[in-house]
Amino acid sequence: TDLDEAGTADFKKTGYNAGVGINLDLTKYFAIRADANLARNELKVNDVATGQDMSRVFYDAALQVQYPINGFKPYLFVGAGAVRLHAVGQDLDDKTVFAGTAGLGVNYTVPGTNLALGIEGKSWLYDLPEDEENEEFTKTQFEASWNAVIAYSIPLGGSRNVRASR
C-alpha cells in the first residue's frame with residue numbers, strides 16, 4: 001500500500017520476510033496459532049529507491065480453521081497482534097501499533113513422519129503511527145507475503161498436536 005495519499009511513497013520494492021510460529025490443534029478442524037515475522041524492504045519515493053530500509057516485526061495470534069484430507073491440510077486463519085516499525089540506520093524511535101492478520105495455506109505431511117511442507121499467504125493491516133516524525137506517511141498499510149513452510153508436529157495425545165513452523 002502507498003504510504004501517503006498522493007501515492008508518491010511506498011514499500012513496494014521486493015524485500016524479505018522470515019518468521020517462526022507455533023500451532024496448537026484444538027480439534028481436527030480448529031487450531032490456535034502464534035507467529036512472529038520480520039520483514040524488511042526499501043522505501044521508494046516517486047518510484048525511485050531511496051536506500052532507506054524499514055524493518056517491521058509482526059507479532060500475532062490467530063484462530064485457524066483447517067480441513068485435513070489425505071495428508072494435505074488446507075487452512076484459513078484470522079487474528080490480531082502488533083507491528084513494531086524500525087527505520088534502519090536512522091535516528092528515529094521505534095513505534096509499535098496494533099495490526100490485524102489473515103491468511104491461507106496448505107501443508108502436506110510427509111507419510112510416516114511428523115514433518116510437513118507447505119506454502120502460506122499471510123497479510124497484515126495496520127495504521128502508521130501519527131506523530132511529528134511521520135507527518136507525511138498516514139495511509140493505512142496492507143502488507144502481504146507468500147512463505148514456504150516447514151513444520152514439525154509433536155503429538156500431545158488424542159487429536160491434539162503442537163506444530164512449530166517456518
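This write-up is about the structure you can find in this document. Here the residue numbers are simple positions, counted from 1 along each chain's written sequence. Totals for whole chains, interfaces and linings use every residue, but because this is a predicted model, local features are given only for residues with pLDDT of at least 70 and side-chain atom pairs only at 80 or more, for both listing and counting. Side-chain calculation: all heavy atoms of the structure are included, whereas hydrogens and water are not.

Another aspect to go through is the nonpolar core. Nonpolar cores were defined as sets of buried Ala, Val, Leu, Ile, Met, Phe, Trp, Tyr and Cys residues, with membership established by side-chain atoms within 4.5 Å. Burial classification: accessible surface area is computed with a 1.4 Å probe over protein chains only, and a residue below 20% of its type maximum counts as buried, one above 50% as exposed, and the rest as partly exposed. Counting residues in hydrophobic clusters, the biggest one holds 11 residues: A39, M54, F58, V83, L85, A87, V97, A99, W124, Y126 and L128. Secondary structure elements follow DSSP: runs of H or I of four or more residues count as helices, runs of E of two or more count as strands, with numbering from the N terminus. Broken down by secondary-structure element, the contributors of at least two residues to this core are β4 (48–66), β5 (72–87), β6 (95–109) and β7 (115–126). Tallying contributions element by element places β5 first for this core, with 3 residues. Two residues form a contact once any of their heavy atoms are found within 4.5 Å. Contacts of W124, omitting those with residues within four sequence positions, involve N17, N37, F58, D60, G100, T101, Q141, F142, E143 and S145.

So, about the pairing of strand β3 (residues 30–45). Two strands qualify as a pair provided that DSSP identifies no fewer than 2 bridges between them. Sheet topology note: the strand β2 (residues 16–25)/β3 ladder contains 10 bridges and is antiparallel. By the bridge assignment for β3, L24 is matched with I32. Taken together, β2 and the strand that follows it, β3, pair antiparallel across an intervening segment of 4 residues. In this sheet, β4 lies alongside β3 in antiparallel orientation, the contact comprising 15 bridges. Paired with V45 across the two strands is V48, which belongs to β4. Counting the residues in the hairpin turn of β3 and β4 gives 2 residues, including N46, whose phi is positive at 50°.

Centres within 6.5 Å are what make two rings of Phe, Tyr or Trp a pair, Trp counting through its six-membered ring; a difference in plane orientation under 30 degrees is then read as stacked, over 60 as edge-to-face, and the rest as tilted. Enumeration over the complete set of coordinates arrives at 5 aromatic pairs. The interplanar angle of 15° and the centroid separation of 4.0 Å between the aromatic rings of F58 and W124 together place this pair among those described as stacked. With F58 in strand β4 and W124 in strand β7, this pair connects stretches of sequence that are 66 residues apart. There is no split in this pair, since F58 and W124 are both buried. Taking the centre distance of 4.7 Å and the plane angle of 45° together, the rings of F72 and Y108 count as tilted. Highlighted residues: F72 in strand β5 and Y108 in strand β6, separated in sequence by 36 residues. Linked through ring pairs, F58, W124 and Y126 together constitute an aromatic cluster. Either the NZ atom of lysine or the CZ atom of arginine qualifies as a charge over a ring when it sits within 6 Å of the ring centre and within 35 degrees of the ring normal. Positioned above the aromatic ring of F77 is the side chain of R33, whose terminal nitrogen or guanidinium carbon lies 3.8 Å from the ring centre.

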